[in-house]
Amino acid sequence: MIPFNKPYMTGKELWYISQAHHRGMLAGDGHFTRRCHAWLEAQTGCHRALLTHSCTAALEMAALLADIEPGDEVIMPSYTFVSTANAFVLRGAVPVFVDIRPDTLNLDETRIEAAVTARTRAIVPVHYAGVGCEMDTIMAIARRHDLLVIEDAAQGVMAAYKGRPLGAIGDLGCLSFHETKNLISGEGGALLVNAGRFAERAEIIREKGTNRSQFFRGMVDKYTWVDAGSSYLPGELIAAFLLAQMEEAEAITAARLALWDNYHAAFAGLEAQGRARRPVIPADCRHNAHMYYLLVADLAERTALIAHLKARGILAVFHYVPLHSAPAGRRYGRAGGDLAVTADLSDRLVRLPLWVGLDQDGAQQQVIDGVTEFFAKS
Ligand SMILES: *Cc1c(COP(=O)(O)O)cnc(C)c1O
């Protein structure tokens, strides 16, 4: 079977974990966490990076930092992972779902302003497939209406919009290092604090509402409970694993981009014949090859393609069930305008295997042949 995803390990992970073990300091914010923070700050130019247990945890921290209150509204796409909405629902907010662009499947910036109300507090752009949202427009709308921008850059590590790394453009940004993302630590994530005014409180929220971080830096002489918070920091073993990945980030991204380019070239003919649409990368975006997908004619064709590939030992998968149509989405959220593009494209999208090493043993060629054969027959 050719799996949809296969976690790539650089070879240095266990060496770094053994060093963390040897250091005898296993809780969070030790040597390896500091090195991961330094890498993220250098890589993205964010004011402060903080490792978290997951992107979900980083989004929850962002909702706390934004002081989201019951009844507040947060604008986001419906075509996203549940955590984008859950983080705000946990604070009593109402996710307001705005449609996506037909080209990138990102939040349609031209439809955001119509969804803004007196209760709107934040916009959460999701950089689907590591392709940047139209951030200049989104930032301008947010400034006009005094809203925060919290980027869900779970899929966006090593990608950029107009030269600016994804996650480092809005007030706050959230990254994921889940096993299915480009850089991994099993479970893992980071909060990027771009608006400096949030930095001190972010540290406090992450450390159970205490000023422990300031205490260890010698900035305060007592370590005490100062705010609401929780435990959002991972231990050193996770950070040690992650550092090994970060140090290979360029090579991992290059390898993924090569695979992505192979698919893109192979399916140019299908697109020219109008059989399937390939991903669109706007000229001002540098993507990270997080995902390769095709948009086919309809749900029936997608189901048939997935079955055809499965019969050949290839696992291809669809993606999100739009949140506005999910049981919890209907209970907690509401539509901010028409969601026709979301409803249409979510039924037609199929993701192909993309993982470092896929091109060895001819596996990627098998995927390409399987897809090509399906369209030649149907
Ligand atoms: C993966 C993902 C998340 C969640 O990331 P975790 O680290 O698993 O919590 C959130 N949003 C998007 C868009 C994702 O792709």
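Source: prediction; values computed, not measured.

**Student:** Pulling in residues and values, what's your account of the overall build of the chain?
**Tutor:** Of the regular secondary structure elements, the chain holds 14 helices and 13 strands. Here the C-alpha atoms of the chain give a radius of gyration of 21 Å, agreeing with the 21 Å that 2.2 N^0.38 yields for 378 residues. Across the 378 residues that make up the chain, the buried fraction comes to 56%. Contacts in the chain between residues far apart in sequence, at least 24 positions, make up 70% of those at least 6 positions apart. Of the accessible surface of the chain, which amounts to about 15300 Å², a share of 55% is contributed by carbon and sulfur atoms.

**Student:** Go over the nonpolar core with me, naming the residues and quoting the values.
**Tutor:** Ranked by internal contacts, the top residues of the largest apolar core, which has 48 residues, are L40, I123 and F177. Breaking this core down by element, the ones donating at least two residues are helix 1 (13–23), helix 2 (31–44), strand 1 (48–52), strand 3 (94–98), helix 5 (135–145), strand 9 (189–193), helix 8 (236–247) and helix 9 (249–266). Broken down by element, the residue count for this core peaks at six residues, all from helix 8. Domain assignment of the residues forming this core places at least three in each of domain 1 (13–247) and domain 2 (249–377). Beyond its immediate sequence surroundings of up to four residues, L40 is in contact with G45, C46, A49, L51, L175, F177, A190 and M246. If you look at the next biggest cluster of nonpolar residues, it comprises 36 residues, including L50, V124, I150 and L339.

**Student:** Got a sec to walk through a nonpolar patch on the surface? Specific residues and values, please.
**Tutor:** A cluster of nonpolar side chains, contributed by F215, F216 and Y223, occupies part of the molecular surface with about 330 Å² of accessible area. Structurally, F216 can be placed in helix 7 (residues 212–216).

**Student:** Can you lay out the pairing of strand 8 (residues 172–176) for me, pointing to particular residues and giving the numbers?
**Tutor:** Of all five residues making up strand 8, five are buried, and the element is well covered by its neighbours. Neither face of strand 8 is exposed, since L172, C174 and S176 on one face and G173 and L175 on the opposite face are all buried.

**Student:** So, unusual backbone geometry: which residues are in play, and what are the values?
**Tutor:** Of note in the backbone geometry, D146 takes a positive phi value of approximately 55° without being a glycine. Here D146 is to be found in the loop between helix 5 and strand 5 (148–152). D146 gets classed as exposed once you look at its relative accessible area, which sits at 71%. For K208, which is not glycine, the phi torsion reads 60° and is therefore positive. One can find K208 in the loop between helix 6 (199–206) and helix 7. The partly exposed category is assigned to K208, whose relative accessible area is 39%.

**Student:** How would you sum up the environment of Y128? Please name residues and give values.
**Tutor:** With respect to the element layout, Y128 can be found in the loop between strand 4 (120–123) and helix 5. Y128 gets classed as buried once you look at its relative accessible area, which sits at 1%. In this structure, the C-alpha to C-alpha distance between Y128 and H287, residues 159 residues apart in sequence, is 10.0 Å. Side chain to side chain, Y128 and H319 meet in a polar contact 2.8 Å long.

**Student:** Tell me about the domain arrangement of the chain, and name the residues and values.
**Tutor:** When the parts of a complex come together, some accessible area is lost, and that lost area is often taken as the interface size. When cut into domains, the chain gives domain 1 (13–247) and domain 2 (249–377). On a C-alpha basis, the centroid separation for the pair domain 1 and domain 2 is 26 Å. Contacts between the two partners involve 46 residues from domain 1, matched on the other side by 39 residues from domain 2. Regarding the contact of domain 1 and domain 2, the summed buried area is about 3600 Å², with carbon and sulfur atoms giving 57% of it. On inspection of domain 1 and its partner domain 2, the count reaches one salt bridge. A salt bridge links R334 to E73, with the nearest nitrogen and oxygen atoms 3.1 Å apart. For the pair domain 1 and domain 2, the number of links is 22 residue pairs in polar contact (both at pLDDT 80 or more). For the side of domain 1 that touches domain 2, the secondary structure elements donating two or more residues are helix 4 (82–89), strand 3, strand 6 (160–161) and helix 8. It is strand 3 that provides the largest number of residues to the side of domain 1 that touches domain 2, a total of five residues.

**Student:** Can you explain the sheet that holds strand 3? Please cite residues and give values.
**Tutor:** Sheet architecture is open: eight strands sit in the order 1-9-8-5-4-2-3-12, paired in mixed fashion. The open sheet has two edge strands, strand 1 and strand 12 (334–335), and neither has a second partner. Here strand 4 runs beside strand 5; their pairing, made up of two bridges, is parallel. Within strand 5, the residue paired with I123 across the bridge is V149. Helix 2 contacts strand 1, strand 8 and strand 9 of the sheet and is inclined by roughly 130° relative to strand 1. Strand contacts of helix 3 (residues 55–65): strand 1, strand 5, strand 8 and strand 9, with the helix running at about 165° to strand 8, the strand carrying the most contacts.

Conventions used here
Residues numbered from 1 in each chain as written. Predicted model: local features only at pLDDT ≥ 70, side-chain atom pairs only at ≥ 80, totals over all residues. Heavy atoms only, no water. Helix = DSSP H or I, 4+ residues; strand = E, 2+ residues; numbered from the N terminus. Rg over C-alpha atoms; globule rule 2.2 N^0.38 Å. Buried < 20%, exposed > 50% of the residue type's maximum accessible area, 1.4 Å probe, protein only. Contact = heavy atoms within 4.5 Å. Areas by Shrake-Rupley, 256 points an atom, 1.4 Å probe, with all protein chains shown as cover. Core = buried A, V, L, I, M, F, W, Y, C linked by side-chain atoms within 4.5 Å. Domains from an automatic or database assignment. Patch = residues over 30% accessible without salt bridge, like charges linked within 9 Å, V, L, I, M, F, W, Y side chains within 5 Å. Salt bridge = Lys/Arg side-chain N within 4 Å of Asp/Glu carboxyl O. Polar contact = N/O pair within 3.5 Å; in protein donor to acceptor, adjacent residues only side chain to side chain. Buried area = accessible area lost by both parts, 1.4 Å probe. Pairing = 2+ DSSP bridges. Axes fitted to C-alpha atoms, helices over the stretch in contact; angles between N-to-C directions.

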